[in-house]
Amino acid sequence: MRRKLIVANWKMYLSTTKSILLAKKIRDVEKNNDVVIAPSFTALYPVGPVVAQTEIGLSAQNMHYKDYGAYTGELCVSDLVELGCKYVILGHSERREYFKETYDNVNKKIKQALKYGLTPILCVGENLRERRSGNASKAIEEQLKTALKDITKKEELIVAYEPIWAIGTGHPEDSKDADGIHEMIKRKFLNSNDKVIYGGSVNSENYKDFLKEKNTDGLLIGGASVKIEDFSKIIKGF
Ligand code: PGA
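Since this is a predicted model, take the numbers as computed values, not measurements.

Colleague: Quick question: what am I supposed to make of the site of the ligand here?
Modeller: The immediate surroundings of the ligand are formed by Asn9, Lys11, His92, Glu162, Ile167, Gly168, Gly200, Ser201, Leu220, Ile221, Gly222 and Gly223. In this structure, Glu162 approaches the ligand through a side-chain N or O atom, which is 2.7 Å from an oxygen atom. In the model, an oxygen atom of the ligand is placed 2.8 Å from a nitrogen or oxygen of the Ser201 main chain. Contact with the protein chains covers 97% of the free accessible surface of the ligand, which is 280 Å².

So, in structure tokens, the structure goes:
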């Protein structure tokens with residue numbers, strides 16, 4: 001069976017000091033599993049050395065698609081590489097909802113990340129309206145078509161299926177239904193070395209339900225990833 005991947009999305013939950021402390025605690029409990037942490041931009045710099053000699057991967061939560069230039073408040077891919085990132089989360093629904101991120105933009109970002117050797121963690125997922133009208137698969141396919149347009153390179157790509165209505169609500173998708181979506185994403189859009197992970201209200205009580213599913217290669221965890229008791233249970237238990 002494939003190794004499962006756990007990605008911790010720290011969002012804007014932690015100060016830099018707290019990020020360093022949490023990274024150290026995760027380093028102390030983590031034992032050869034595939035774990036990636038995604039601190040905020042400012043925390044990447046001091047957290048990088050904490051995980052540098054370990055198996056823990058470092059991810060950013062976003063980036064710009066240009067090499068450099070007059071883009072106030074943005075970070076470019078070479079900054080992330082310099083800070084030790086191997087991954088970058090792109091198209092998270094919070095960025096789409098609050099910062100007008102579009103999948104056309106995400107497409108440019110994926111190309112840029114791949115060009116510099118970063119593994120994109122591309123987020124897709126339907127909203128409640130699409131879900132209720134039976135259009136979830138269609139919405140996800142549209143997102144993937146745009147996000148992956150003209151991407152022919154064969155480097156690793158991770159797709160995170162995160163139904164918007166399940167994020168931070170305490171109501172995760174049913175693990176079997178999520179697995180069905182993962183199967184569709186793999187069959188229609190991905191290569192055999194790519195991964196599909198699930199995100200949305202995963203915690204230390206329900207994570208195993210998802211990890212036992214065949215097409216679920218791992219998890220993207222927000223809220224529960226910044227609580228060390230919960231997160232250590234998860235990374236010790238898979
Ligand atoms: P959650 O967030 O685990 O808090 O639902 C997941 C995510 O947004 O990546």
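Now that the structure has been shown, we can carry on.
Colleague: Sorry, what's going on with the pattern of salt bridges here?
Modeller: Counted under the stated rule, the structure contains 14 salt bridges. Measuring nitrogen to oxygen at the nearest pair gives 3.7 Å for the salt bridge that ties Lys149 to Asp150. A salt bridge links Lys176 to Glu213; the nearest nitrogen and oxygen atoms lie 3.2 Å apart. A residue pair is termed long-range when its members are at least 10 positions apart, and Lys176 in helix 8 (residues 175-189) and Glu213 in the loop between helix 9 (207-211) and strand 8 (218-221) qualify at 37 residues. In this structure Lys176 comes out as exposed when scored by relative accessible area, which is 55%. In this structure Glu213 comes out as buried when scored by relative accessible area, which is 10%. Through salt bridges with shared partners, a single network forms among Glu126, Arg131 and Glu173.

Colleague: Honestly, the packing of aromatic side chains in this entry has me stumped. Any pointers?
Modeller: Describing an aromatic ring pair means giving the distance of the ring centres and the angle of the ring planes. By the definition in use, this model includes three aromatic pairs. Ring geometry for Tyr198 and Phe210: centres 4.4 Å apart, planes at 5°, overall stacked. Remark: Phe210 occurs in helix 9 and Tyr198 occurs in strand 7 (residues 195-199); sequence separation between them is 12 residues. Judged on exposure class, the residue Tyr198 and its partner Phe210 are both buried. By way of ring pairs, the aromatic residues Tyr161, Tyr198 and Phe210 are connected into one cluster. Here Arg95 stacks its cationic end above the ring of Phe99, 4.3 Å away from the centre of that ring.

Colleague: Could you clarify how one ought to interpret the packing of helix 1 (residues 16-29) against helix 10 (residues 228-236) in this entry?
Modeller: To describe two helices that pack against each other, one gives the angle between their axes and the distance between the axes. Running from N to C, helix 1 and helix 10 point in directions that differ by 30°, and their axes come no closer than 10 Å. Between helix 1 and helix 10, the interaxial angle falls into the category roughly parallel. As helix 1 runs across helix 10, the sense of the crossing is right-handed. Residues Leu22, Lys25, Ile26 and Val29 of helix 1 pack against Ile228, Phe231, Ser232, Ile235 and Lys236 of helix 10.

Colleague: Got a minute to help me understand the pairing of strand 8 in this structure?
Modeller: The side chains of a regular strand alternate, first on one face of the sheet and then on the other. On strand 8, burial covers both faces: Gly218 and Leu220 on one face and Leu219 and Ile221 on the other are all buried. In the sheet, strand 1 (residues 5-9) pairs with strand 8 via four bridges, with the strands oriented parallel. Paired with Val7 across the bridge in strand 8 is Leu220.

Colleague: Please clarify how helix 5 (residues 103-115) should be interpreted in this entry.
Modeller: Note on helix geometry: an α-helix contains 3.6 residues per turn, so any two residues three or four positions apart are oriented the same way. If you check helix 5, its first and last C-alpha atoms are 18 Å apart, about what 13 residues at 1.5 Å a residue would give, namely 18 Å. Within the sequence span of helix 5, burial applies to Tyr103, Val106, Asn107, Lys109, Ile110, Gln112, Ala113 and Leu114. Where helix 5 is buried, its residues contact helix 3 (77-82), strand 4 (87-90), helix 4 (93-99), strand 5 (119-124) and helix 7 (136-147). Where helix 5 ends, the next residue or the one after it, Gly117, has phi of about 80°, a positive value.

Parameters and conventions
Residues numbered from 1 in each chain as written. Predicted model: local features only at pLDDT ≥ 70, side-chain atom pairs only at ≥ 80, totals over all residues. Heavy atoms only, no water. Near = heavy atom within 4 Å. Polar contact = N/O pair within 3.5 Å; in protein donor to acceptor, adjacent residues only side chain to side chain. Areas by Shrake-Rupley, 256 points an atom, 1.4 Å probe, with all protein chains shown as cover. Salt bridge = Lys/Arg side-chain N within 4 Å of Asp/Glu carboxyl O. Helix = DSSP H or I, 4+ residues; strand = E, 2+ residues; numbered from the N terminus. Buried < 20%, exposed > 50% of the residue type's maximum accessible area, 1.4 Å probe, protein only. Phe/Tyr/Trp six-rings, centres within 6.5 Å; stacked < 30°, edge-to-face > 60°. Lys NZ or Arg CZ within 6 Å of the ring centre and 35° of its normal. Axes fitted to C-alpha atoms, helices over the stretch in contact; angles between N-to-C directions. Parallel < 35°, antiparallel > 145°, perpendicular 65-115°, else oblique. Left-handed = near helix turned anticlockwise from the far one by under 90°. Contact = heavy atoms within 4.5 Å. Pairing = 2+ DSSP bridges. Expected span 1.5 Å × (residues − 1).

Geometry only, nothing functional implied.
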